[in-house]
Amino acid sequence: MSTTSDHGRSASDPDEFHAVLHSLRVWDGPLPVFDVAAAPDGPLALFREWFTHAARAGQPEPHTMSLATVDADGRPDVRTLMLHEADERGWHFASHSTSAKGRQLAGRPEAALGFYWPAVARQIRIRGRVTACDAAESRADLAVRSRGALAAALTGRQSEVLSSPEELARVSEAAWERAGAEPDAPAPTWTRYVLSPTEVEFFQGDATRRHTRLQYTRTPAAAWARHLLWP
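So, here's what we can say about the structure. Here the structure is a predicted model, which is why all the values come from computation and not from measurement.

1. What about the pairing of strand β7 (residues 190-204)?
Moving on, step 1. Counting buried residues along β7, twelve of its 15 residues qualify, which places the element largely inside the surrounding structure.
Moving on, step 2. Relative to β7, strand β4 (residues 90-96) runs antiparallel, the two being bridged by six bridges. By the bridge assignment, serine 95 is partnered in β7 with threonine 191.
Moving on, step 3. Strand direction decides the pairing type here: strand β6 (residues 122-132) and β7, joined by eleven bridges, are antiparallel. Residue pairing for β7: arginine 122 is matched across the bridge by glutamine 204.
Moving on, step 4. Sheet topology places β7 next to strand β8 (residues 212-218); six bridges connect them, and they run antiparallel. Residue pairing across strands places glutamate 201 opposite glutamine 215, the latter belonging to β8.

2. Concerning the layout of surface pockets
Moving on, step 1. What the largest pocket holds in volume is close to 310 Å³.
Moving on, step 2. In this structure, the largest pocket is lined by 18 residues; those nearest its centre are Arg139, Leu142, Ala143, Leu150 and Ala185.
Moving on, step 3. Those elements that provide at least two residues to the lining of the largest pocket are α4 (135-143), α5 (147-155) and β7.
Moving on, step 4. Per-element tally for the lining of the largest pocket: the top contributor is α4, with five residues.
Moving on, step 5. A class-by-class count of the residues in the lining of the largest pocket yields eleven nonpolar, three polar and four charged.
Moving on, step 6. One number sums up the size of the second largest pocket: a volume of about 220 Å³.

Parameters at a glance
Residues numbered from 1 in each chain as written. Predicted model: local features only at pLDDT ≥ 70, side-chain atom pairs only at ≥ 80, totals over all residues. Heavy atoms only, no water. Buried < 20%, exposed > 50% of the residue type's maximum accessible area, 1.4 Å probe, protein only. Helix = DSSP H or I, 4+ residues; strand = E, 2+ residues; numbered from the N terminus. Pairing = 2+ DSSP bridges. 1 Å grid on protein atoms, 1.4 Å probe; cavity = no way out; pocket = protein on both sides within 12 Å on 5 of 7 lines; lining within 4 Å. Points joined across faces, edges and corners; volume = space filled by probe spheres on them. Nonpolar A, V, L, I, M, F, W, Y, C, P; charged D, E, K, R; others polar.

Written out as structure tokens, the structure is:
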């Protein structure tokens, strides 16, 4: 069954799709200034500054990010998930070790992260090596999250084939009940990961398309080199 748009045309109509696609605009309002000369020596402080600024500017869910990995056949994969921390070790996130991303990271522990905050015309790209945290740190990660997060972790089976919505409802309901009764219930495959960056790029959009791109690259001496990139 097809749906109908406000103009009375089918939402699956390719002409309608292209009309909507090409009518979209970005960055209509005033944009922040990125003074690269004042940028810190390393990327972590700048990330925290930009993150806080985006949140205060009204960017919805600034802690969501894209995670790109590669499977055993070299095929790229990407999904959206939540940032759990950003510190001197790297950028933290979590998932099941048995999920698609968990299996891919076990086989090829290199990944990329992407943040996009259209409210301020900014994006951040990060590449590096991913390490799985130990069981204690992974349990602690889950312990501070909501009952819903624990229920989802207890439901498990992430990326597996689902036989029906009814099966999901049944298993999820049982997981919610257990999460309420056992707030410290173990989820053995739940794993916290840390991406240690080798490259971090900060992109500031510009209405005239003279975008500013500042790249930090890790040097052999573990310091950071900074480069401006052409937009």
